[in-house]
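Notes for the structure review
This is what each chain is made of:
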Amino acid sequence: MFVPTPHKEIEQRFFEELNQANAEIANLNQEKVNLENQLYHQVTLINFERRYFRVVFNEKCTDEKDMQLAELMSEMERTYRIPCLRNGDWEAENADVIELYRRISDSRNFS
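In short, a report on the structure. Just so it is clear, the model here is predicted, and its values are computed rather than measured.

Across its full length, the protein carries four helices and zero strands. Listing each helix as α and each strand as β along the protein from the N terminus yields α-α-α-α. Relative to the 2.2 N^0.38 estimate, which gives 13 Å for 111 residues, the radius of gyration of the protein is 26 Å and therefore markedly larger than a compact globule would have. Seen through its C-alpha atoms, the protein measures out along the principal axes to roughly 90 × 25 × 15 Å. In the protein, once contacts between residues fewer than 6 apart in sequence are set aside, the share between residues at least 24 apart is 64%. Summed over its atoms, the accessible surface of the protein is roughly 8,900 Å², and 54% of this surface lies on carbon and sulfur atoms. When the 14 basic and 21 acidic side-chain charges of the protein are each reduced to a single mean position, those positions are 6 Å apart.

Below you can see the structure in the form of structure tokens.
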């Protein structure tokens, strides 16, 4: 019967702890990436909102505002990959984005 030597037991424990540490590092790295993505999302959304207010409260004529709002909506569609057709799952996951997108749309004058 094979009886592990203390050296083998120490080596085995070392590799088990090393694997556990590597798994924890991978989890922390994933959390970091997720937080960075959330931060990027929020900063980008804030910038879109800032641009929206600049257009809405500008003294330009309605046609020019509508054109700028349409451009802003198109840019949001590309940035956030807003689906062409309503998608409840996407909207639930991106409620803040769709709220601003609809606010921009509602600000346009289609008359």
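To continue, consider the packing of helix 1 (residues 6-56) against helix 4 (residues 95-107). In the contact formed by helix 1 and helix 4, the axes pass within 11 Å of each other and the chain directions differ by 15°. Between helix 1 and helix 4, the angle falls in the class roughly parallel. Pair helix 1 / helix 4 crosses with left-handed handedness. Listed contacts from helix 4 to H41, Q42, L45, F48, E49, Y52, F53 and V56 of helix 1 are D96, V97, L100, R103, I104 and S107. Taken together, the residues that form the contact of helix 1 with helix 4 break down as eight nonpolar, three polar and three charged.

What follows covers the side chain of H41. Here H41 is to be found in helix 1. Beyond its immediate stretch of four places on either side in the chain, H41 contacts Y80, N94, D96 and V97.

What counts as what
Residues numbered from 1 in each chain as written. Predicted model: local features only at pLDDT ≥ 70, side-chain atom pairs only at ≥ 80, totals over all residues. Heavy atoms only, no water. Helix = DSSP H or I, 4+ residues; strand = E, 2+ residues; numbered from the N terminus. Rg over C-alpha atoms; globule rule 2.2 N^0.38 Å. Contact = heavy atoms within 4.5 Å. Areas by Shrake-Rupley, 256 points an atom, 1.4 Å probe, with all protein chains shown as cover. Lys, Arg positive; Asp, Glu negative; His and termini not counted. Charge placed at Lys NZ, Arg CZ, Asp CG, Glu CD. Axes fitted to C-alpha atoms, helices over the stretch in contact; angles between N-to-C directions. Parallel < 35°, antiparallel > 145°, perpendicular 65-115°, else oblique. Left-handed = near helix turned anticlockwise from the far one by under 90°. Nonpolar A, V, L, I, M, F, W, Y, C, P; charged D, E, K, R; others polar.

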